[in-house]
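# Report on the structure
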Amino acid sequence: MSILLTGGAGFIGSHTAVELINAGYDVVIADNLSNSNKKVIDRIEKITGKRPKFYEIDVAIKEELYKVFDENNIEGAIHFAGFKCVPESTKIPLKYYRNNLDTTLSLLEVMKEYNCNAIVFSSSATVYGDKNPVPFKEDMPVGGATNAYGSTKLMIENILTDVVKASDGFSAVMLRYFNPIGAHPSGLIGEAPDGIPNNLMPYVTQTAIGVRDHLIIYGEDYNTHDGTGVRDYIHVVDLARGHVAAIKYATEHLGIEAINLGTGNGNSVWDVVHAFEKANNVKIPTAIGNRRPGDIDECYASVDKAAKLLNWHAELTLEDMCKDSWNWQRNNPKGYED
Ligand code: UD1
């Protein structure tokens, strides 16, 4: 029995592949490498001693997925495949709707044809919008996404809800990620953004290594302890282990659940910068800039549901996240490029 990871060569997918293999699962990765690199497969093998099966396919194309399901006994799927760049999604929304919805619809149709009844979906804390008080709880109203990326996450949550309601025996876990950072402690896999990073940690590591001049802090006038935005940063290895627990849950329980994967702690931009400088003994030049449109004051998770249903909680610290992010960046200054 195997677990299919769509988009499994990406940042979160590759770490999840490692943790699944460590937990004894057979892993099949389907990825079109649109935002990832084939070397990831070698690196997963190097870390675990086991090579995941790899299909370079577009998950939106059902004929290609049929081959994967014909050649493997897929017990469940973890669906990572999708575009994730927020600013790009506001500029080219159709690209996001087309890709993120098509990959999901094709996967779900093929799963049903093959009687594969358990799916875990990569959702996001972005579904909570900007109206809910922190900590965000899974039973709070969702909606109000300010960009097409966030809208696709909401739409896919709705699609899964309808599919589970209509089908006997189908189960789904929608994992609402907070802010995944860090990297595998081996330094062999990590986040490799294409071009200028949008997210905080890759920008910090690229500044530390000298690729970027300085970090611009997007606003120091938020309603937080030091004026900078507060987020729930979670180590990607903890996040990956949450997926192992979630796919087990989905294969053993019927129905649908939305579950937060975060630490439950809020850290500001300054907290992250200072933790990074301290953990790694490096200096991050900074400048204060304007607020980034769409950013909210605070975003952190209620983690009770993950503890209760998945028997999972995050274990690694902000210091671990900073050390492992830097270790990855230093060992791979150009990401997976030579
Ligand atoms: C962003 C997305 C969110 C997506 C998530 C995926 C936006 C508005 N939100 O979340 O929809 O699910 O990435 O990982 O894009 N910051 C700086 N300087 C920088 C970069 C970031 O000060 O160069 C600050 C931000 O203002 C924010 C914090 O760092 O307060 C974290 O930013 P980021 O890593 O982009 O994550 P989110 O905004 O939480």
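Here the structure is a predicted model, which means the values were calculated and not measured.

## Describing the packing of aromatic side chains
- Considering all chains together, one arrives at 8 aromatic pairs under this definition.
- Pairing Phe83 with Tyr96 gives two aromatic rings, centres 5.5 Å apart and planes at 55°, and the pair type is tilted. With Phe83 in the loop between strand 4 (74–79) and helix 4 (86–91) and Tyr96 in helix 5 (residues 93–113), this residue pair connects regions lying 13 residues apart in the sequence. For the pair Phe83 and Tyr96, one class covers both residues: buried.
- When the centroid spacing of 5.9 Å and the interplanar angle of 70° are considered together, the rings of Phe276 and Trp326 count as edge-to-face. With Phe276 in helix 9 (residues 269–280) and Trp326 in helix 11 (residues 318–331), the pair connects residues that are 50 residues apart, well separated along the chain.
- You can call Phe276 buried: its relative accessible area is 0%.
- For the cation-ring pair, Lys95 lies above Phe83, with the distance from its terminal atom to the ring centre recorded as 4.9 Å.

## Details of unusual backbone geometry
- Residue Pro135 is bonded to the preceding Val134 through a cis peptide linkage, with omega at -5°.
- Here Pro135 shows up in the loop between strand 5 (118–124) and helix 6 (148–166).
- Despite not being glycine, Asn281 has its phi angle at roughly 55°, a positive value.
- In this fold, Asn281 is placed in the loop between helix 9 and strand 13 (286–289).
- We classify Asn281 as exposed; its relative accessible area is 73%.
- One non-glycine residue, Asn311, lies in the positive phi region at around 55°.
- Counting through the fold element by element, Asn311 comes out in the loop between helix 10 (304–310) and helix 11.
- Assessed through its relative accessible area of 71%, Asn311 is described here as exposed.

## Some remarks on the side chain of Asn100
- By secondary structure assignment, the location of Asn100 is in helix 5.
- Ignoring any residue separated from it by four or fewer positions in sequence, one finds Asn100 in contact with Gly82, Phe83, Thr152 and Ile156.

## Here's the deal with helix 9
- Here helix 9 spans 17 Å end to end across 12 residues, near enough to the 16 Å set by a 1.5 Å rise per residue.
- Among the 12 residues that make up helix 9, 9 are buried, leaving the element largely enclosed by the rest of the structure.
- Those residues of helix 9 that sit buried are Val269, Trp270, Val272, Val273, Ala275, Phe276, Glu277, Ala279 and Asn280.
- Those residues of helix 9 hidden inside the fold are in contact with helix 7 (200–208), strand 8 (215–218), strand 10 (233–235), strand 12 (267–268), strand 13 and helix 11.
- The distance from a side-chain oxygen at the start of helix 9 to the backbone nitrogen of Trp270 is 3.4 Å, and the residue carrying that oxygen is Ser268.
- Note on helix 9: the residue one or two positions beyond its end, Asn281, has a positive phi of about 55°.

## Details of the site of the ligand
- Around the ligand, 18 residues are found, and the nearest of them are Leu200, Ile216, Arg231, Arg292 and Asp295.
- Within the side chain of Ser124, an N or O atom sits 3.2 Å from an oxygen atom of the ligand.
- Here Leu200 contributes a backbone N or O atom positioned 2.8 Å from an oxygen atom of the ligand.
- Considering the ligand on its own, with 740 Å² of exposed area, one finds that the protein chains cover 88% of that surface.
- Ranked by residues supplied to the shell around the ligand, first place goes to strand 8 with 4 residues.
- For the shell around the ligand, a count of residues per class yields 9 nonpolar, 6 polar and 3 charged.

Cut-offs and rules
- Residues numbered from 1 in each chain as written.
- Predicted model: local features only at pLDDT ≥ 70, side-chain atom pairs only at ≥ 80, totals over all residues.
- Heavy atoms only, no water.
- Phe/Tyr/Trp six-rings, centres within 6.5 Å; stacked < 30°, edge-to-face > 60°.
- Helix = DSSP H or I, 4+ residues; strand = E, 2+ residues; numbered from the N terminus.
- Buried < 20%, exposed > 50% of the residue type's maximum accessible area, 1.4 Å probe, protein only.
- Lys NZ or Arg CZ within 6 Å of the ring centre and 35° of its normal.
- Contact = heavy atoms within 4.5 Å.
- Expected span 1.5 Å × (residues − 1).
- Polar contact = N/O pair within 3.5 Å; in protein donor to acceptor, adjacent residues only side chain to side chain.
- Near = heavy atom within 4 Å.
- Areas by Shrake-Rupley, 256 points an atom, 1.4 Å probe, with all protein chains shown as cover.
- Nonpolar A, V, L, I, M, F, W, Y, C, P; charged D, E, K, R; others polar.

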